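# Per-entry structural report
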Amino acid sequence: LVGLWLVLAFSARAEPLFQDQPFSRDRAVLDEVAQTYKQSGTALGERIGSMLEISDVPFALMPYEQNYLLWSHTDSINRDAYRQSGSDIADGLDQTEAKYQLSLMFPLWRGILGQRSALSASYSQLALWQAANGDISAPFRETNYEPQLFLVLLPQIKWGGWSFDWLEVGINHQSNGRSEPLSRSWNRIYANMSIERNRWVINFKPWYRIPESRNDDDNPDITDYLGHYRLSLAYRAHDQVLTALTRYNWDTRRGSLELGWSYPLTPRVRFYTQFFSGYGDTLIDYNHYQNRIGIGLMLNDLL
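Attention in this report is confined to the structure presented alongside it. (Residues numbered from 1 in each chain as written. Predicted model: local features only at pLDDT ≥ 70, side-chain atom pairs only at ≥ 80, totals over all residues. Heavy atoms only, no water.)

## Considering the overall build of the protein
Using the following cut-off: The way it works is that DSSP assigns letters per residue, a run of H or I at least four long becomes a helix, a run of E at least two long becomes a strand, and they are numbered from the N terminus. Relative accessible area decides the class of each residue, using a 1.4 Å probe on protein chains only: under 20% of the type maximum gives buried, over 50% gives exposed, and in between gives partly exposed. The contact criterion used throughout is that any non-hydrogen atoms of two residues lie within 4.5 Å. Accessible surface area values rest on a Shrake-Rupley calculation with a 1.4 Å probe, where residue burial reflects the displayed protein chains alone.
The helix and strand tally for the protein stands at 5 helices and 14 strands. Counting across all 303 residues of the protein, residues that qualify as buried make up 48%. For the protein, long-range pairs separated by at least 24 residues make up 57% of all intrachain contacts whose partners lie at least 6 apart in sequence. About 15100 Å² of surface is accessible on the protein, with carbon and sulfur atoms providing 58% of the total.

## Section: the packing of aromatic side chains
For clarity, the cut-off: Each pair of aromatic rings taken from Phe, Tyr and Trp, with Trp reduced to its six-membered ring, is defined by centres within 6.5 Å and is described as stacked if the planes are under 30 degrees apart, edge-to-face if over 60, and tilted in the remaining cases. Cation placement over rings: the criterion is NZ of Lys or CZ of Arg within 6 Å of the ring centroid and within 35° of the ring normal.
Tallied over the entire structure, the rule returns 13 aromatic pairs. When the centroid spacing of 6.4 Å and the interplanar angle of 25 degrees are considered together, the rings of Trp 261 and Tyr 263 count as stacked. Among the residues examined, Trp 261 registers a relative accessible area of 28% and is labelled partly exposed. Aromatic pair Tyr 279 and Tyr 289: ring centres 5.5 Å apart, planes at 75 degrees, arrangement edge-to-face. In this pair, Tyr 279 sits in strand β13 (residues 270-279) while Tyr 289 sits in strand β14 (residues 289-300), placing the two residues 10 residues apart along the sequence. Under the relative-accessibility criterion, Tyr 279 is labelled buried at 17%. Three or more aromatic residues joined by ring pairs make a cluster, and in this case those are Tyr 225, Tyr 279, Tyr 286 and Tyr 289. The ring of Tyr 190 carries Lys 205 above its face, with NZ or CZ at 4.6 Å from the centroid.

Below you can see the structure in the form of structure tokens.
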């Protein structure tokens, strides 16, 4: 809501996306605008340019969040959740396991609310895999599925050296696809705002959890641990990218912090190391505190 208010309040000062050209589905116009963004010299501008460039390509996909594969170690694996479910793998779980995230965005309808808008969808999947644990048949012990449908607005508001170029408003579902008592899920309405200055990008994603009936709610206290927002900071130093993501509930004083560093090995693959501390590394761990460190490979970072 704050982001929408900013868009309306400052829209008169925003530069038009097509530089006063009427909206067109012509490929040449799309390519010209996309190249303008891609040559902006900013990470967010390059991302917007890529989105516009493929917006009319059938079956087009682009990265949304980070895509990575890590070999990781946690200091406190959540055995209690599996013991309470009667699972026989709890005592055999290894604290060292693979962790991966797959996250893709699908442009659906560019210009749905004017030339500076697009309807899009995304799908993210986060998994923990006991890849080297042959004693219990190397299971995927937790997989989180997260589809979203959202409206993208490109405000192009510049103020005090900062540029506000990206706003999402949408609906989000996240679950681990399990039956009781291991089932975890929630639905949210959210906004997602990004501002950029030089090599810095700040992203703020507040949300409102859609209430569920007491009988259907797998995790009624989830916001006590995961809060009502995610705040992230990214800095690009030449080819390196440093990131910090945090969630926090000021009433319960619980939350999490995730730090990351990536460096390119090839034009398409990056070395990536990640440190996580707090609650909610995955949904099964939403109320479980742990520290996890991982090292591996990444296809794309936040910048």
